[in-house]
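Structural features, examined
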Amino acid sequence: MRVLRYLARRTMATDDSNCKLESFVTYNKKILGAGLNYMDIIKSRNLPIPEEPILFLKPPTSLIQEGQNIIIPKVFSKVAHEVELACVIGKRCRNVSKGSAMQFVGGYCLALDMTAQCSLQVARSKGLPWSLGKGFDTSTPVSRLFTPDEVQDPHKLKLWLKVNGNIRQTGNTGDMIFKIPDIIEYASKHMTLEPYDIILTGTPGGADPVAPGDIISCGMGDLVEMKFEVKAE
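One structure accompanies this document, and this report is about it. (Residues numbered from 1 in each chain as written. Predicted model: local features only at pLDDT ≥ 70, side-chain atom pairs only at ≥ 80, totals over all residues. Heavy atoms only, no water.)

Next up on the list: the pairing of strand β11 (residues 166-172). Note that strand β10 (residues 158-163) and β11 share 6 bridges and pair antiparallel. In the sheet register, Val163 faces β11, and the bridge partner there is Asn166. (Pairing = 2+ DSSP bridges. Helix = DSSP H or I, 4+ residues; strand = E, 2+ residues; numbered from the N terminus.)

Dropping the structure here:
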């Protein structure tokens, strides 16, 4: 019986014709994040503008939705919020062009890319992967799915985030260095993108640490607001 349930789940998660994107959290198999993708961050850190998207992977076990808490692992001393637009892949694709990339987007969501800055600082200084600081359980809170029809222009959305009612981040997706088609084109040259895959498009400046007991609220245009409580492991 377990084998049959696994095979049924596996089939639904890979067959485009049976794709039920509103269940993207349940059937997600990989999350791609774009780092350093807003110009204000590049300027504030006096960094060179990336020539190509900087991508990292997060596991599906990092996903949560409203009603669940963000849990800071014991091993981390400094975890920060990053509010982002995310797109959800609707059709399997590989080696797609920038001009055709948007036809593979099945929808969008608001996301948080919770980041252990203490871990990333060490990883960056040593040229190591970002996986541990980005992929911990509960590090990717997301909203419900919004269809492409509900999002008139994904590159003209206001993003904001508050902690305990105080504004921390504001930005606009129009300020992304690499737009969604750029990221999909680049990512699909290196790996197959499948239905339910999530692409986090980066965060504007103002990402600061949070502490247990904090309440994070964030929003995306007039589409959605969501709220999460931060707790210690």
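To summarise the sheet geometry, strands pair through backbone hydrogen bonds and adopt either a parallel or an antiparallel arrangement. Across the sheet, 3 strands lie side by side as β8-β5-β13; this open sheet has antiparallel pairing. The sheet is open, and its two borders are formed by β8 (115-116) and β13 (209-210), each paired with just one other strand. Where strand β5 (residues 79-80) meets β8, 2 bridges bridge the pair, whose relative direction is antiparallel. The residue of β8 that forms the bridge with Val79 is Ala116.

A few words now on the sheet that holds strand β7 (residues 105-112). The mixed open sheet is built from 5 strands, whose spatial order is β2-β1-β12-β6-β7. A strand with exactly one partner marks an edge of an open sheet, and here the two such strands are β2 (54-58) and β7. When strand polarity is set aside, the average angle formed by the axes of neighbouring strands in this sheet is 25°. The pairing of strand β6 (residues 83-89) with strand β12 (residues 198-200) spans 3 bridges and is classified as antiparallel. Of the residues in β12, the one forming a bridge with Val88 is Ile198. (Axes fitted to C-alpha atoms, helices over the stretch in contact; angles between N-to-C directions.)

Here we take up the packing of aromatic side chains. The full count for this structure, using the stated rule, is 3 aromatic pairs. When the ring of Tyr27 is compared with that of Tyr196, the centres are 5.4 Å apart and the planes differ by 45°; the resulting orientation is tilted. Highlighted residues: Tyr27 in helix α2 (residues 24-27) and Tyr196 in the loop between α6 (180-190) and β12, separated in sequence by 169 residues. Take Tyr27 and Tyr196: they sit in the same class, and that class is buried. Of note, Lys162 hangs over the ring of Trp160, and the distance from its end group to the ring centre comes to 5.5 Å. (Phe/Tyr/Trp six-rings, centres within 6.5 Å; stacked < 30°, edge-to-face > 60°. Buried < 20%, exposed > 50% of the residue type's maximum accessible area, 1.4 Å probe, protein only. Lys NZ or Arg CZ within 6 Å of the ring centre and 35° of its normal.)

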